[in-house]
Every structure is written in C-alpha cells, then in structure tokens.
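Survey of secondary and tertiary structure
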Amino acid sequence: MMTVHEVSKLAGVSIRTLQYYDKIGLLHPTGYTDAGYRLYDDADLERLWHILLFRELEFPLKDIREIMNSPDFDRSKALEQQIELLTRRKEHLDNLIKFALGIKMLGVRYMDFSAFDRSKLDEYAKRAKEQWGNTPEYKEFAEKTKDRTDKEDRLLADHFMLFFKEAGEMRNTDPASPEAQDLVKRIQDFITKHMYTCSDKILSGLGKMYSGGGEFTKNIDGVGGEGTAEFVDKAIQIYCGGASECG
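Residues numbered from 1 in each chain as written. Predicted model: local features only at pLDDT ≥ 70, side-chain atom pairs only at ≥ 80, totals over all residues. Heavy atoms only, no water.

Take the overall build of the protein chain next. Of the regular secondary structure elements, the protein chain holds 13 helices and three strands. Taking as baseline every contact in the protein chain between residues at least 6 positions apart, the subset at least 24 positions apart corresponds to 65%. Looking at the protein chain as shown, the accessible area adds up to about 14700 Å², and 52% of this sits on carbon and sulfur atoms. (Helix = DSSP H or I, 4+ residues; strand = E, 2+ residues; numbered from the N terminus. Contact = heavy atoms within 4.5 Å. Areas by Shrake-Rupley, 256 points an atom, 1.4 Å probe, with all protein chains shown as cover.)

Moving on: unusual backbone geometry. In this structure, glutamate 58 takes a positive phi of about 70° despite not being glycine. Here glutamate 58 is to be found in the loop between α3 (42-56) and α4 (61-68). Given a relative accessible area of 62%, glutamate 58 falls into the exposed group. (Buried < 20%, exposed > 50% of the residue type's maximum accessible area, 1.4 Å probe, protein only.)

Before going further, it helps to examine the packing of helix α8 (residues 150-169) against helix α11 (residues 214-224). Between α8 and α11, the shortest axis-to-axis distance is 7 Å and the interhelical angle comes to 60°. Between α8 and α11, the interaxial angle falls into the category oblique. The crossing of α8 and α11 is right-handed. Of the residues in α11, those touching α8 at Met161, Phe164, Lys165 and Gly168 are Asn219, Ile220, Val223 and Gly224. Classifying every residue of the contact of α8 with α11 gives four nonpolar, three polar and one charged. (Axes fitted to C-alpha atoms, helices over the stretch in contact; angles between N-to-C directions. Parallel < 35°, antiparallel > 145°, perpendicular 65-115°, else oblique. Left-handed = near helix turned anticlockwise from the far one by under 90°. Nonpolar A, V, L, I, M, F, W, Y, C, P; charged D, E, K, R; others polar.)

With that settled, the discussion passes to the pattern of salt bridges. For the coordinates displayed, the defined rule picks out seven salt bridges. In this structure, arginine 186 engages aspartate 182 in a salt bridge whose closest nitrogen and oxygen atoms are separated by 2.9 Å. Within this pair, arginine 186 and its partner aspartate 182 are both found in helix α9 (residues 178-194), separated by four residues, close to a single helical turn. The partly exposed category is assigned to aspartate 182, whose relative accessible area is 39%. For the salt bridge of aspartate 189 with lysine 185, the shortest nitrogen-to-oxygen distance reads 2.7 Å. Pair noted here: aspartate 189 and lysine 185 are both in helix α9, with a separation of four residues, about one helical turn. (Salt bridge = Lys/Arg side-chain N within 4 Å of Asp/Glu carboxyl O.)

All chains considered together, the criterion is met by six aromatic pairs. Measuring from centroid to centroid gives 6.0 Å for phenylalanine 160 and phenylalanine 163, while their planes differ by 80°, and the two rings are edge-to-face. Residue phenylalanine 160 and its partner phenylalanine 163 are located together in helix α8, separated by three residues, close to a single helical turn. Phenylalanine 160 gets classed as buried once you look at its relative accessible area, which sits at 12%. For phenylalanine 163, a relative accessible area of 8% gives the class buried. Arranged with centres 5.5 Å apart and planes meeting at 20°, the rings of phenylalanine 160 and phenylalanine 190 form a pair that is stacked. Within this pair, whereas phenylalanine 160 is found in helix α8, its partner phenylalanine 190 is found in helix α9, the two being separated by 30 residues in sequence. Phenylalanine 190 gets classed as buried once you look at its relative accessible area, which sits at 6%. (Phe/Tyr/Trp six-rings, centres within 6.5 Å; stacked < 30°, edge-to-face > 60°.)

From the geometry alone we can't say anything about function, so treat these as descriptive.
Written out as structure tokens, the structure is:
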C-alpha cells in the first residue's frame, strides 16, 4: 500500500488532484491510515495510470469516469486503444515538428500560404476521383485519408507546400542539380507516405499537371514565385528519366 504522498510523487500529480479524483468518484483509495490519510494498492495505481493516459489524450474527466466505471470496461482493451491513440498523437506531433523545422529553415517572413486556396481542396479531390477513382492508387488514398481530421489535412497541405517554397528558392538554378533532385525525391516520398504510392510514372504526370497552367500552377507559383511550377516539372522529368520514359 502507498500513501497519497507517495502516489503523488510517483505519478507526478498533486495531492489535491488525487483528492479531487476521490471526491468525483474517479479514483477511490482502498483504505486509510489511522491518521486519516488515503492509501492506494496496486489496483488503484493501475486505475490511475489509465486515468493519466486518458488525460494525456485530452479526455474530459466526466468521460473518463463514465468509461472506467462502466461494467463493460476492459482494462487490457483500453490500454491497446490508448497505445493506438498515443501513436497517432506522436505521428501528429512529428508532423508538427517537421512543419516547424521547415518554417525555421525557410524563414517565417516568407511563409504565406494564402495562395493555396484550401477551399478548393474538395474540388481537387472530386476531380481526382473522377479521373482515377477506380485505380489502386485512389483506393489507397481513400484508405490513408479516411480517418484524418480537417486539421490534419490542413497541416499536411501546409507541409506539402513547403516543398514548393523550397523549390522557389532554387528555381533559377539547374533542375538537374543534386539539391533539386533531392527535393523531387522528398516530394515523391511525402506523397507515397501520406496519399498513395507515387511511382515515377505518376510523379511525371503530376509534374506536367503542376506546370500545365490553371489553379495548380497559380498556387505553386504563388508560394514559390513565378516559374516555380515549371522548375519543379523539369526537375521531376529529369528525376524520372524523361517524360517519354515515365509518361
């Protein structure tokens, strides 16, 4: 058995918090000392770990109480779900860190994503579905994006546009340079990880679409500067070995 002071130190929560958990019926101590101090056994500590994990996942205390006081509450299953949710949170934070590092690298004063009109994302998705809705790539895209929130989609869109901002910084250089070719590889890897398997053939087609005029060209040039979309297309075709081989 552990005293409330020992549990507070072990778990990193205040004694007042533990007292409050007791008051609202979330975590009752197993017993009390002669002096009236709360005592917790191993089962209480396991329950506390679940509570703290739920709190890390931003569950309201009311919801945590209802979940854990339910007769159907399965601690093993709950732990598996918590691990899955925490893994998703970690991936989300990793994306945030990468995005922040991109801003640091490129400079905050240059970061203006107003040119990428997010209100047209649905239109892009609709157009893509019409063009290749029955292909394995679209099915993979639908599977990878089905559980993403709007906030996560916006974060990924911003992250993706960082590539074109970076391309804009080198648009007056040789598209065959190692730096340009590395950028193309990272664009391809990003699409494969977050959208669908981006083969060289698909990548070549995307490059042509980027520089083909219309909204895509306007948005890319709006972020990287005039000529960025054309530069990216040229770098992509070199990376793929030429449009005739990739097309």
